[in-house]
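# Fold and geometry: a report
Each chain is listed here by its residues.
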Amino acid sequence: MSELPEAHADWDALIPARRFELFLTVGPEDLDELEHVNNVVYLTWCERVARAHAASLGMDTPALAALGAVPVARQHRITYHVPAVLGDHVRVRTLLTESAGLRSVRVYTIDRVNDGDPLQGVRLAECRTDWVWVDPVGGRPKRTPAEVMERFGFGVR
């Protein structure tokens, strides 16, 4: 990933319905044998912020299932830069960058935001997830419902 939309200089100017962030603190359960945050935890944080984003717009899994389509991950790509350690304060941001037909794309940034860090934080990792919309009963691919597109700021296509 060469350039992430999240890295935009004015986060607040981005479409609010397509962006979301969470703050957390690294706990002992997040660490591996090297005393760094385990790789799987970064992916868990990305999923957590995506779910929280959807829920904030009234689009949690039960609501999506009621509309007849739920997103399932097709591919995750994570680039790690600096490890997080016990006690680090972390900001996890997500942007829903694309949504068309059967697929959606989210990008994520994970930054350390400890006291003394630069205002923008220290980049720990970046992630991109390609999602595919499927029927929750049959599992077959399905177009993104119009209501979902509207709630996430894409409008009806």
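All values derive from a computational prediction rather than experimental measurement. (Residues numbered from 1 in each chain as written. Predicted model: local features only at pLDDT ≥ 70, side-chain atom pairs only at ≥ 80, totals over all residues. Heavy atoms only, no water.)

### Quick look at the overall build of the protein chain
A count of helices and strands for the protein chain gives three helices and five strands. Secondary structure elements of the protein chain occur, N-terminal to C-terminal, as β-α-α-β-β-β-β-α. A compact globule built from 157 residues should have a C-alpha radius of gyration of about 15 Å, and the protein chain, at 16 Å, falls within 12% of that. The dimensions of the protein chain, computed from C-alpha atoms along their principal axes, are 45 × 35 × 25 Å. Across the 157 residues of the protein chain, 43% fall into the buried class. Taking as baseline every contact in the protein chain between residues at least 6 positions apart, the subset at least 24 positions apart corresponds to 69%. Per element, the accessible surface of the protein chain, about 8,500 Å² overall, is 54% carbon and sulfur. If the 18 positive side-chain charges of the protein chain are averaged to one point and the 22 negative ones to another, these points end up 10 Å apart. (Helix = DSSP H or I, 4+ residues; strand = E, 2+ residues; numbered from the N terminus. Rg over C-alpha atoms; globule rule 2.2 N^0.38 Å. Buried < 20%, exposed > 50% of the residue type's maximum accessible area, 1.4 Å probe, protein only. Contact = heavy atoms within 4.5 Å. Areas by Shrake-Rupley, 256 points an atom, 1.4 Å probe, with all protein chains shown as cover. Lys, Arg positive; Asp, Glu negative; His and termini not counted. Charge placed at Lys NZ, Arg CZ, Asp CG, Glu CD.)

### As for the nonpolar core
The biggest cluster of nonpolar side chains holds 19 residues, and the ones touching the most others in it are Val 37, Tyr 42, Trp 45, Val 90 and Ile 110. For this core, the secondary structure elements donating two or more residues are helix H1 (39-56), strand E3 (89-100), strand E4 (103-112) and strand E5 (122-134). Top contributing element to this core by residue count: H1, with six residues. Here Ile 110 is in contact with Tyr 42, Trp 45, Cys 46, Val 90, Arg 91, Val 92, Val 122, Arg 123, Leu 124 and Ala 125, once residues within four sequence places are set aside. (Core = buried A, V, L, I, M, F, W, Y, C linked by side-chain atoms within 4.5 Å.)

### Overview of the sheet that holds E5
Either a parallel or an antiparallel arrangement is found when strands of a sheet pair, and the pairing is made through backbone hydrogen bonds. Judged by pairing direction, the sheet is antiparallel, and its five strands sit side by side in the order E1-E3-E4-E5-E2 without closing on themselves. Looking at which strands have only one partner, the edges of the open sheet turn out to be strand E1 (19-25) and strand E2 (70-80). Between one strand and the next, the sheet's axes are offset by a mean angle of 20°, whatever the strand orientation. In this structure, E4 lies alongside E5, joined through 10 bridges in antiparallel fashion. (Pairing = 2+ DSSP bridges. Axes fitted to C-alpha atoms, helices over the stretch in contact; angles between N-to-C directions.)

### Focus: the pattern of salt bridges
Within this structure, the stated rule accounts for 10 salt bridges. Close ionic contact of Glu 47 with Arg 51 constitutes a salt bridge, the shortest N to O distance being 2.8 Å. In this pair, Glu 47 and Arg 51 both sit in helix H1, four residues apart, roughly one turn of the helix. Across the salt bridge formed by Arg 77 and Asp 130, the nearest N and O atoms sit 3.6 Å from each other. Of this pair, Arg 77 sits in strand E2 while Asp 130 sits in strand E5; the two residues are 53 residues apart in sequence, bridging distant segments of the chain. Through salt bridges with shared partners, a single network forms among Arg 91, Asp 111, Arg 123 and Glu 126. (Salt bridge = Lys/Arg side-chain N within 4 Å of Asp/Glu carboxyl O.)

### Looking at the packing of aromatic side chains
Evaluation of the coordinates by the stated rule reveals two aromatic pairs. Measuring from centroid to centroid gives 5.4 Å for Tyr 42 and Trp 45, while their planes differ by 65°, and the two rings are edge-to-face. Residue Tyr 42 and its partner Trp 45 are located together in helix H1, separated by three residues, close to a single helical turn. Accessibility classification places Tyr 42 together with Trp 45 in one group, the buried group. Here a set of aromatic residues connected by ring pairs shows up, and it is made of Tyr 42, Trp 45 and Tyr 80. The side chain of Arg 18 reaches across the aromatic face of Phe 154, ending 3.8 Å from its centre. (Phe/Tyr/Trp six-rings, centres within 6.5 Å; stacked < 30°, edge-to-face > 60°. Lys NZ or Arg CZ within 6 Å of the ring centre and 35° of its normal.)

This is a description of form; function is not addressed.
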